Amino acid sequence: MSIITLTSDIGLQDYLVGAIKGQLWQHCPGAPVMDITHQISPFNLPQATYICKSSFAYYPPRTFHIVLINLFDRKADHVLLAEHNGQYIACADNGLITMIAGGTPAKVIKLPLHKTQSRDTFSILQRFAEAYRELQNGKPLAELGEPATGYIIKNNLQPMTGQDYIDGQIIHIDNFENVVVNITRQQFDEHRQNRPFSIYFRRDEVITQLCETYADVPEGHKLALFNAAGYLEIAINKGNAAGLFGLQGFTRDQLTSGYQKLSFYQTVRIIFG
């Protein structure tokens, strides 16, 4: 059977994650269920996008990814199921599907929710489980629901660029308080064009070289590198960069207010030349 993965902003403080897995095993006996994370910041679509894109790439074809993020952004009568890069992504109709796919997925359908059931996490999960079973039984994706038209489209959070600079936003702070910025190695190389560079954050902090590993600098020293997912990371060797520098992640407020509320606690600027 294909793998089912779970990603959510539920956290691990109560019963929900355990109950979700129990429900999946009732509806999909024998299915391997894997946690990606349940520690996404509440409603944080850019962070969820980074986590999902970075992890989904390592799963085999036909993996069924259930993303329980911001499920109740609005009262809806359907959820979405998409096929992207040979895998399936199931989530609410809240714009996340296009952010993860980096555009419109090859195939997207609407899964209607049962009219007689309440709109809660378990009824949505049951709908996803039904779709998973039908796919396992060989039913084509197109026959599971109606073609998705008019669903919510959101663009992934992109850095702002100029001829001699890139302004990136902090999208994730990991368990070691390393700071992940939405600047990829490809974007960096395209704008750098072999020029020298300076990475600025918190106004007066600057880094002028890239490392391959944290051990390239002495303990307690700051560094910049591109992580395994290909994103710029600001870190301190055996230290906590976010806490020591007072850096903060991009929040839900900026999704609706644009960039005007961004501060130097949330941005990283690279200047070339």
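Our subject is the structure listed above.
Now for a quick tour of the structure. The structure displayed is predicted, hence computed values, not measured ones.

## Details of the layout of surface pockets
The volume enclosed by the second largest pocket comes to roughly 150 Å³. Together, 13 residues line the second largest pocket, and N156, L157, Q158, N182 and Y231 are the ones closest to its centre. With four residues, helix α2 (residues 45–56) is the largest single contributor of residues to the lining of the second largest pocket. Per-class residue counts for the lining of the second largest pocket are six nonpolar, six polar and one charged.

## Some points on α2
Between its terminal C-alpha atoms α2 stretches 16 Å, which fits the 16 Å expected from twelve residues at 1.5 Å a residue. Most of α2 is tucked away, with eleven of its twelve residues classed as buried. Measuring from the backbone nitrogen of Q47 back to the side-chain oxygen at the start of α2 gives 3.0 Å, which picks out N44 as the cap.

## Remarks on the pairing of strand β13 (residues 222–226)
Of all five residues that make up β13, four are buried, and the element is covered over most of its length. As paired elements, β13 and strand β14 (residues 231–236) share five bridges and run antiparallel to each other. Looking across to β14, one finds that A224 is bridged to I234. As consecutive antiparallel partners, β13 and β14 are separated by four residues, and within that stretch G230 has a phi angle of approximately 90°, a positive value.

## What to know about the nonpolar core
Counting 31 residues, the largest nonpolar core has I4, L24, F64, I66, L81 and F128 as the members making the most contacts within it. For this core, the secondary structure elements donating two or more residues are β1 (4–8), α1 (16–27), β3 (64–68), β4 (78–84), β5 (87–91), β6 (107–112) and α4 (121–136). Per-element tally for this core: the top contributor is α4, with seven residues. Excluding residues that lie within four positions of it along the chain, F64 makes contacts with I3, I4, T5, L81, Y88, A90, F128, A131, Y132 and L135. Counting 25 residues, the second largest nonpolar core, distinct from the first, contains Y50, C52, I97 and Y231.

## Thoughts on the pairing of strand β10 (residues 179–184)
The buried fraction of β10 amounts to six of the six residues, a majority that puts the element mostly inside the structure. Alternating residues of β10 divide into V179, V181 and I183 and V180, N182 and T184, and every residue in both groups is buried. If you look at the hairpin formed by strand β9 (residues 165–173) and β10, you'll find five residues sitting between the two strands, and E177 has a positive phi there, around 65°. Relative to β14, β10 runs antiparallel, the two sharing three bridges. Residue pairing across strands places V179 opposite I234, the latter belonging to β14.

Thresholds, definitions, all that
- Residues numbered from 1 in each chain as written.
- Predicted model: local features only at pLDDT ≥ 70, side-chain atom pairs only at ≥ 80, totals over all residues.
- Heavy atoms only, no water.
- 1 Å grid on protein atoms, 1.4 Å probe; cavity = no way out; pocket = protein on both sides within 12 Å on 5 of 7 lines; lining within 4 Å.
- Points joined across faces, edges and corners; volume = space filled by probe spheres on them.
- Helix = DSSP H or I, 4+ residues; strand = E, 2+ residues; numbered from the N terminus.
- Nonpolar A, V, L, I, M, F, W, Y, C, P; charged D, E, K, R; others polar.
- Expected span 1.5 Å × (residues − 1).
- Buried < 20%, exposed > 50% of the residue type's maximum accessible area, 1.4 Å probe, protein only.
- Polar contact = N/O pair within 3.5 Å; in protein donor to acceptor, adjacent residues only side chain to side chain.
- Pairing = 2+ DSSP bridges.
- Core = buried A, V, L, I, M, F, W, Y, C linked by side-chain atoms within 4.5 Å.
- Contact = heavy atoms within 4.5 Å.

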